[in-house]
Amino acid sequence: MCRKKKAFLIFTGLLLMIIVISLIPTSSNINCDYDQKTKKQPKVAASLEGADNILITKIEREAELNGFGLVNIEDEIKIHNMNDNPITAIFIGVPITQSDDLVYFEATGESGNTLSVEQDEVVMKNFEMIAIYFDTPLRPQETLDIKISHSYKNMLHYSEVGASTQQINFTGYVYPILPYRAEGSIKATYEIPDTALVTSKPTWGDEDSLEDTITFRLGDFSPTKDHLDPFLENLDGGEQIEILLTDDEVTRLEFDEIVREIYISPWGIIKVTEDYEIRNKGAIDFNELEFEIPGPAKEIKVYDDLGEILGVTVDPEENYYNLTYKDLIIDLTENRVDITPDSKFRFTIQYFLPFEKYYSLNWFQVSINMDLLTSIYKYLGRDQTIKVVIEGCFSLDYVSEAPVAIEHSQNALILVYESDYIVPFQEMEILFTYTLNYLDMSLRPITFFILIALISSGYVFFVKTRKESEAFAAFRKDLLPSNEIREFCSLYDEKNALLLEVRQAEEDVKRKKIIKKKYRNILDKNTKKIEEIEKEIIPFKKIVREVNATFENLISKIEVLEAERESIKDSLNLLDARYRRGRLPSKKAYEKLSENFLVRRKRVDRSIDKNINQLRSYLL
């Protein structure tokens, strides 16, 4: 026996040593090799020299007044170099009054490549000039198409004009601010929310109510205008436009804080958890939030500190592997309240992504390529923190974009990225490669195997004790007051049947299937029988309660459920009385509340039946 104890102690000590070793962090090697392509390449300083010989032959602006507080603009321009020398960059202007509101600016070339941008505080005619550098110099008599995407905050102003309606005011420059002459196709299309109504706009804007757009063509401003002078000087005060909208559905919303954790497990799991704090900066209440999440996302949950948020709709509901995005709509009216002006709401979105869609494996190295902005929304995001948690990482070998910090957790490496502002069309795709810590990964299954062996040994060791416990339990079964338990359950079944008969009579009299006199007879007869049953059940309840703690808990649960059923009954009666007196806002509200109470009552009935059946099972 002593030898057995000694072997057991040695086995337990070995198990504890393995567990302690597995808890020691081993991901200490960090060999970061940042992508050289992200480093700024040397470039020739931008200059306005030769601007007179630079011609813009096409301007097409598409601006979105999305109603949620952002103005998103995409400008497509064609540049023609009429100089004798190549040029390496052009300028575009931003009004000084709006430079602090510029939250995003990106330029791309003809092949979709990102162009280098420099905001070097050059000011011309009250405009701050931003330099856009070409990948290769634009030679004489050549043309180049570029696309400029920029987004602004604080350019939509909201004011309340009614109980649930607000006015949205936009004022801005109709065309891009360029220090060059422009001719050819020149137009700007402003998209407005499909829920908004245009109450005022410039007379030369062509409104399309079907497309929800207002288009400004240079020829509509003045038939004599066939070009644009630098800085729009020949528009004679028409370079700025004002659009007034009214809307009762969308308002200005901003995320004050976003914390996103992307957990990557070596066992083939990618878990995304996004914490949001949204604030209503508009003039009306708001109750519906819209997101776009990855198409393959599954096991989607939306919750806050109170629990799960029920009004969540995913379209399409299927987890399409090759679908880029799918819609996630959160209706706060289901079991939350509206977001009132200047109030905020915190919530969390959680889902899982298929590991095989984003990774590639090369022996011990794993490469992950994904967009860290996994969810898309139409609102402005502030103070975003993204944490990429790589479990089982031995060394970080390569990352295409340097994080602001690299942290350590238990057997995991954390890459931290921060952003001041996030806009809807922004992307943050990165590639990182790391080496797996196979030692740490192997310790876990070994530990589980030892635990299983230990549990199996314990099962064999205590099997005799278990048989004795079963014999004792059989002995205790003979001591149960079977007749009293059986009678208690029968009386409760009879009471529940009478209650169901009364409820059915109530429904029938409401639907005029029976007359009120017959309903009163059923009610009086069943009420009298229920009272008699409740008196008969008291002594049996006392005997069953005194058997042991298990039976006492079951009786206590049944009593609590009975009290809840009575409370629901009183609430339904009070709701009917308030509705008859006209103290509820609408019939729809009455029906919704009544349905909620009925669902609760059914749940209580099922719980009572479950506990009665559990009592009855001890007789089997």
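Each value, and the rule that gives it
- Residues numbered from 1 in each chain as written.
- Predicted model: local features only at pLDDT ≥ 70, side-chain atom pairs only at ≥ 80, totals over all residues.
- Heavy atoms only, no water.
- Phe/Tyr/Trp six-rings, centres within 6.5 Å; stacked < 30°, edge-to-face > 60°.
- Helix = DSSP H or I, 4+ residues; strand = E, 2+ residues; numbered from the N terminus.
- Buried < 20%, exposed > 50% of the residue type's maximum accessible area, 1.4 Å probe, protein only.
- Core = buried A, V, L, I, M, F, W, Y, C linked by side-chain atoms within 4.5 Å.
- Contact = heavy atoms within 4.5 Å.
- Pairing = 2+ DSSP bridges.
- Axes fitted to C-alpha atoms, helices over the stretch in contact; angles between N-to-C directions.
- 1 Å grid on protein atoms, 1.4 Å probe; cavity = no way out; pocket = protein on both sides within 12 Å on 5 of 7 lines; lining within 4 Å.
- Points joined across faces, edges and corners; volume = space filled by probe spheres on them.
- Nonpolar A, V, L, I, M, F, W, Y, C, P; charged D, E, K, R; others polar.
- Expected span 1.5 Å × (residues − 1).
- Polar contact = N/O pair within 3.5 Å; in protein donor to acceptor, adjacent residues only side chain to side chain.
- Patch = residues over 30% accessible without salt bridge, like charges linked within 9 Å, V, L, I, M, F, W, Y side chains within 5 Å.
- Areas by Shrake-Rupley, 256 points an atom, 1.4 Å probe, with all protein chains shown as cover.
- Salt bridge = Lys/Arg side-chain N within 4 Å of Asp/Glu carboxyl O.
- Lys, Arg positive; Asp, Glu negative; His and termini not counted.
- Charge placed at Lys NZ, Arg CZ, Asp CG, Glu CD.
- Parallel < 35°, antiparallel > 145°, perpendicular 65-115°, else oblique.
- Left-handed = near helix turned anticlockwise from the far one by under 90°.

Let us look at the packing of aromatic side chains. For the structure on display, the rule yields 25 aromatic pairs. When the centroid spacing of 5.3 Å and the interplanar angle of 65° are considered together, the rings of Tyr104 and Phe425 count as edge-to-face. Of this pair, Tyr104 sits in strand 5 (residues 102–108) while Phe425 sits in the loop between strand 31 (412–422) and strand 32 (429–436), and the two are 321 residues apart along the sequence. By relative accessible area, Tyr104 is classed as buried at 11%. Ring centres of Tyr579 and Tyr590 lie 4.1 Å apart, and the angle between their planes is 10°; this geometry places the pair in the stacked category. One end of the pair, Tyr579, is in helix 7 (residues 549–580); the other, Tyr590, is in helix 8 (residues 587–617), with 11 residues separating them in the sequence. Every member of this aromatic cluster is reached through a ring pair, and the members are Phe68, Phe255, Tyr276, Phe286, Phe291, Phe345, Phe347, Tyr377 and Tyr379.

Membership of the largest hydrophobic core comes to 61 residues, with the highest contact counts inside it found for Tyr175 and Tyr190. Top contributing element to this core by residue count: strand 7 (residues 127–138), with 8 residues. Beyond its immediate chain neighbours, meaning those up to four positions away, Tyr175 contacts Arg61, Ile186, Lys187, Ala188, Trp204, Phe216, Arg217, Leu218, Leu228, Leu232 and Leu235. Core analysis: the next-biggest nonpolar cluster, separate from the first, contains 52 residues, Leu353, Leu413, Tyr417 and Met428 among them.

Our next topic: the sheet that holds strand 10 (residues 166–173). The 4 strands lie next to each other as 9-10-16-12, forming an open sheet whose pairing is antiparallel. Looking along the sheet, the strands with just one partner apiece sit at the ends: strand 9 (156–160) and strand 12 (197–200). The average angle at which neighbouring strand axes cross in this sheet is 30°, direction not considered. One ladder, built from 8 bridges, connects strand 10 with strand 16 (residues 240–247); its direction is antiparallel. Within the sheet, the bridge partner assigned to Gly172 lies in strand 16 and is Ile241.

Glancing now at the layout of surface pockets. As a volume, the second largest pocket reaches approximately 930 Å³. If you go around the second largest pocket, you meet 28 residues; those closest to its centre are Glu506, Lys569, Leu572, Asn573 and Arg601. Among the secondary structure elements, those contributing two or more residues to the lining of the second largest pocket are helix 5 (482–510), helix 6 (516–545), helix 7 and helix 8. The greatest single-element share of the lining of the second largest pocket, amounting to 9 residues, is contributed by helix 7. A class-by-class count of the residues in the lining of the second largest pocket yields 8 nonpolar, 3 polar and 17 charged.

Below, the discussion takes up the side chain of Lys153. Note that Lys153 resides in strand 8 (residues 143–153). Its relative accessible area of 8% is what places Lys153 among the buried residues. With near-sequence residues (within four places) excluded, Lys153 lies in contact with Gly69, Leu70, Asp100, Asp101, Val103, Leu380, Arg382 and Tyr421.

For the structure on display, the rule yields 3 cavities of 30 Å³ or more. If you trace the largest cavity, you find 17 residues lining it, with Arg61, Ile73, Gln98, Tyr152 and Tyr173 closest to the centre. Going through the elements one at a time, strand 4 (87–95), strand 8 and strand 10 are the ones with two or more residues in the lining of the largest cavity. At 4 residues, the largest contribution of residues to the lining of the largest cavity is made by strand 4. Residues belonging to the lining of the largest cavity are distributed by class as follows: 12 nonpolar, 4 polar and 1 charged. What the second largest cavity holds in volume is close to 60 Å³. What lines the second largest cavity is simply Arg260, Leu373, Ser375, Ile376, Tyr377, Gln384, Ile422, Val423, Pro424 and Gln426.

Counted at 1.5 Å a residue, the expected span for helix 7 with its 32 residues is 46 Å, and the 47 Å between its end C-alpha atoms agrees. When helix 7 is considered as a whole, its buried residues turn out to be Phe551, Leu554, Ile555, Ile558, Leu561, Glu562, Arg565, Ile568, Leu572, Leu575, Asp576 and Ala577. On its buried face, helix 7 is in contact with helix 5, helix 6 and helix 8. At the exit of helix 7 stands Gly582, carrying a positive phi of roughly 75°.

Before going further, it helps to examine the environment of Asn154. Locating Asn154 in the fold gives a position in the loop between strand 8 and strand 9. Sequence separation between Asn154 and Leu102 is 52 residues; the distance between their C-alpha atoms is 9.3 Å. A polar atom in the side chain of Asn154 sits 3.2 Å from the side chain of Asp101. Separated by 2.7 Å, the side chains of Asn154 and Arg252 make a polar contact.

With that settled, the discussion passes to a positive patch on the surface. On the surface, a cluster of positive charge is made up of Arg578, Arg580, Arg581 and Arg583. As for its placement among the helices and strands, Arg581 is situated in the loop between helix 7 and helix 8.

Side chains of Glu62, Glu191, Asp194, Asp248, Glu249 and Glu288 sit close together on the surface and give a patch of like negative charge. Structurally, Asp194 is set in the loop between strand 11 (181–191) and strand 12. A residue is classified by how much of its surface remains accessible, and Asp194, at 61% relative accessible area, is exposed.

Considering all chains together, one arrives at 33 salt bridges under this definition. One salt bridge connects Asp206 with Arg217, and the closest N-O pair in it is separated by 3.8 Å. Here Arg217 lies in strand 14 (residues 213–217) and Asp206 lies in strand 13 (residues 206–208), a separation of 11 residues in the sequence. In this structure Asp206 comes out as partly exposed when scored by relative accessible area, which is 42%. The exposure class of Arg217 is partly exposed, given its relative accessible area of 35%. The salt bridge partner of Arg260 is Glu274, with a shortest N-O separation of 2.9 Å. With Arg260 in strand 17 (residues 253–265) and Glu274 in strand 18 (residues 269–280), the pair connects residues that are 14 residues apart, well separated along the chain.

What follows concerns the packing of helix 5 against helix 8. One can describe the packing of helix 5 onto helix 8 by two numbers: an axis separation of 9 Å at closest approach and a directional angle of 160°. Between helix 5 and helix 8, the angle is such that the two are roughly antiparallel. The interaxial crossing formed by helix 5 with helix 8 has left-handed handedness. Taking contact as the criterion, the partners of Ile485, Phe488, Cys489, Ser490, Tyr492, Asp493, Asn496 and Arg503 in helix 5 are, on helix 8, Arg601, Asp605, Ile608, Asp609, Ile612, Leu615 and Arg616.

Another point: helix 8. Under the 1.5 Å per step criterion, the end-to-end length of helix 8 is 45 Å for 31 residues, consistent within 8% with the ideal 45 Å. What helix 8 keeps buried is the set Tyr590, Ser594, Phe597, Arg601, Val604, Asp605, Ile608, Asn611, Ile612 and Leu615. Those residues of helix 8 that are buried lie in contact with helix 5, helix 6 and helix 7.

So far we have only geometry, and geometry alone does not tell us how the molecule works.
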